[in-house]
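Structural features, examined
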Amino acid sequence: MSNNRETAKQIIQIIGEENITFMTHCATRLRLNVTNESTVDLNALDQVEGVIKAQVKNGQLQVIIGAKVAQVFEEASKLVKLSDDQIESTEVKKNIISQLIEVISGCFGPVIPVLIGCGMVKSVAAILTTFKLVEPTSGTYQVIALIGDLLFYFFPFFLAVSAAKKFKTHEFLAIALAGALMYPTIQNGALNAAESGITSLSFLGLPVLFVNYKSTIIPIILSVWMMSYVHKWVNKIIPDTFKVLFVPMIVLFIMVPLELIAIGPFGSYIGQGVAKVVSYLYTTNGVIGAFLFGTFRPLLIIFGMHYAITPINAQLIAEYGYSVISPANLTGNLAQAGATLATFLLLKKKTEKTEALTAGATALFGVTEPAMFGFNLKYKKPMICAMVAGGIGAAYINFWGGGATAVILPGLLALPTYIADNYIHIIIGISISIATAFIGTLVLGIGEKEATKEDVIEIHTDKLDVLPFAKGSVLPLEKVNDAVFSTGVMGNGFAIEPSEGKVVAPFNGKVSMVFETKHAIGIRSDNGVEVLIHIGLDTVNLKGKHFNVYIQEGDTIEKGQLLVELDLEKLKELGYDTIIPFIVTNGAEFSKVTPNISNEMVTIDLV
């Protein structure tokens, strides 16, 4: 991150911030419109660490970065004072699940150190009270509890800041939205709703539901995301003279009621329905109900729906002396711990390993947010393992008549409050959860670990057979009318001058990226060769028009499978060069990459 920031800083300094009127990026380069090209020192840009080459082409300044262009663009966009319509990010196209996980993980990333710190304090507090080292009513405990709850209680404020940065919108307006969720009128109303019977207040005839937004995640992230569009729209229609006066006021007038009436209570409304379903499942078949609740409880936590289950637990304990639903909370939390501890073993970076170990430890004591959001959700496979393991453990304990006699933070220190036909089944149940999540994660891996050079070379063969991915003439890279490709600075490969507007898979492999503008895709062969297929030159300017993409990131592809269709004649009519370069982007992992060209097959020798 620091190298990307420094690269961006030097680029902006050389070009001159006041000289830039528009900035975007494509698969390989920053693209900037400047007021005065003659003042830009291209040689100086070439010398910046991280810059492959700088050039002026078609009236546009292009700074070729390569694989890290998106990260450098993000840092550069923070350094220039341009309006939203003067900065245009070209994101890589991802499926909806990947996008959701990326957004949540991205919002949690900046707060993970504080999250882990508060989680450890909460664990210490639990140990102190369990072993009666500190009285729960003492001032000492209350201060310790305060420290541990700081982030968890005020989660909306912390996430408001990181979400505003993620969605590139006004940070202090985002904090104001968090303030609306945590305002005493709403919070006190939620706390007193059971006694008073008043569950909402009226705003222009619409109900504002009293919801306890403490520790919630999705309401503030959704609200800030929505606000990013509202703020952009309001900022565009208000004249510059009146922006300071009216933009914040109008945005708040729109967003706060929308947040409190619709966005915020969404999880609560759904949660009430989920609570009824959970009760029905446990009543109909406890083992199946326990498995399903134990498995899908993390999703309820993510969307803030799990609070609806707490009253059911409390009611069962009051009526029968124990709750059969509570064991799923325990097995679910400990499964998250098992998955994160396995992730700790799989991670390569020392700082990440330390954080994962700490997050796994706090999850053992019932504080799962650092583990769940910091690692398991981020790497996906550990989350799946934890969910299934939590469900299996919950089903086992339910089969043996398990339950909990108190509503307490579900972790190892809460074990004395759990009962079963024989207590050994509580121990077996949580052991199943921890072990299944741990072993499952080790077997499946974390999916996104950084491969070392040795790892990559082991899976490579000495050549790659490439099916020409489009009908037309196969040409050496030297024939491409773009120095970035023709000189090989991006990597070696070949190109095709297409005679038909279809691009097919050149080999069996996996899609690593699809740009939103559809003009470039990244794929990785089964034997580890990473390539970029760049359809046409400067076609990023079309913003996806005249292209149809049939794959998305993460898809497995087979040789000959249709990937992209383009309107070839339309591109030519608009004056675009339609040649398609094929670049081996991880060529640095070999001493030499040599394409041997024929119209039937291209063999790339890898030495």
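Residues numbered from 1 in each chain as written. Predicted model: local features only at pLDDT ≥ 70, side-chain atom pairs only at ≥ 80, totals over all residues. Heavy atoms only, no water.

Named according to an unreviewed UniProt entry, the protein is PTS beta-glucoside transporter subunit EIIBCA originating from Streptococcus hillyeri.

**Details of the UniProt feature "transmembrane region" (unreviewed entry) in the protein**
Here, UniProt's "transmembrane region" (unreviewed entry) annotation points to residues 103-128, 140-160, 172-191, 211-230, 242-267, 287-309, 383-403 and 423-444. The span residues 172-191 is 95% helical and 0% strand by assignment, and the distance between its end C-alpha atoms comes to 27 Å. In residues 383-403, the share of helix is 81% and the share of strand is 5%. The end C-alpha atoms are 25 Å apart. (UniProt positions renumbered as here; feature names shortened; annotations may be inferred. Helix = DSSP H or I, 4+ residues; strand = E, 2+ residues; numbered from the N terminus.)

**Some thoughts on helix α15 (residues 326-346)**
Relative to the 30 Å expected for 21 residues at 1.5 Å per residue, α15 spans 31 Å between its end C-alpha atoms, a close match to the ideal helical length. With 18 of its 21 residues buried, α15 lies for the most part within the structure. (Expected span 1.5 Å × (residues − 1). Buried < 20%, exposed > 50% of the residue type's maximum accessible area, 1.4 Å probe, protein only.)

**Digging into the UniProt feature "active site" (unreviewed entry) in the protein**
Those residues carrying the UniProt feature "active site" (unreviewed entry) are C26 in this numbering. Its place among the elements puts C26 in the loop between β1 (20-25) and β2 (29-34). Given a relative accessible area of 0%, C26 falls into the buried group. With sequence-adjacent residues up to four places away left out, C26 is seen in contact with R31, V69, F515, H519 and V540. (Contact = heavy atoms within 4.5 Å.)

**A word on the packing of helix α18 (residues 381-399) against helix α19 (residues 424-444)**
Interaxial distance between α18 and α19 falls to 8 Å at its minimum, and their mutual angle equals 160 degrees. Relative to α19, the element α18 lies roughly antiparallel. The two elements α18 and α19 cross, and the hand of that crossing is right-handed. Within the contact between the two elements, α18 uses K381, P382, C385, A386, A389, G390, I392, G393, Y396 and I397 and α19 uses H425, I426, I428, G429, I430, I432, S433, T436, A437, G440, T441 and L444. The class makeup of the residues in the contact of α18 with α19 is 13 nonpolar, eight polar and one charged. (Axes fitted to C-alpha atoms, helices over the stretch in contact; angles between N-to-C directions. Parallel < 35°, antiparallel > 145°, perpendicular 65-115°, else oblique. Left-handed = near helix turned anticlockwise from the far one by under 90°. Nonpolar A, V, L, I, M, F, W, Y, C, P; charged D, E, K, R; others polar.)

**Structural notes on the side chain of E259**
If you trace the backbone, E259 turns up in helix α11 (residues 243-263). There is no salt bridge for the buried E259, and the closest opposite charge comes from K214, which lies 18 Å off by N-O distance. Polar side-chain contacts of E259 include one of 3.4 Å to the side chain of S223. Excluding residues within four positions of it along the chain, E259 makes contact with L177, A180, L181, I220, S223, G264 and P265. (Lys, Arg positive; Asp, Glu negative; His and termini not counted. Salt bridge = Lys/Arg side-chain N within 4 Å of Asp/Glu carboxyl O. Polar contact = N/O pair within 3.5 Å; in protein donor to acceptor, adjacent residues only side chain to side chain.)

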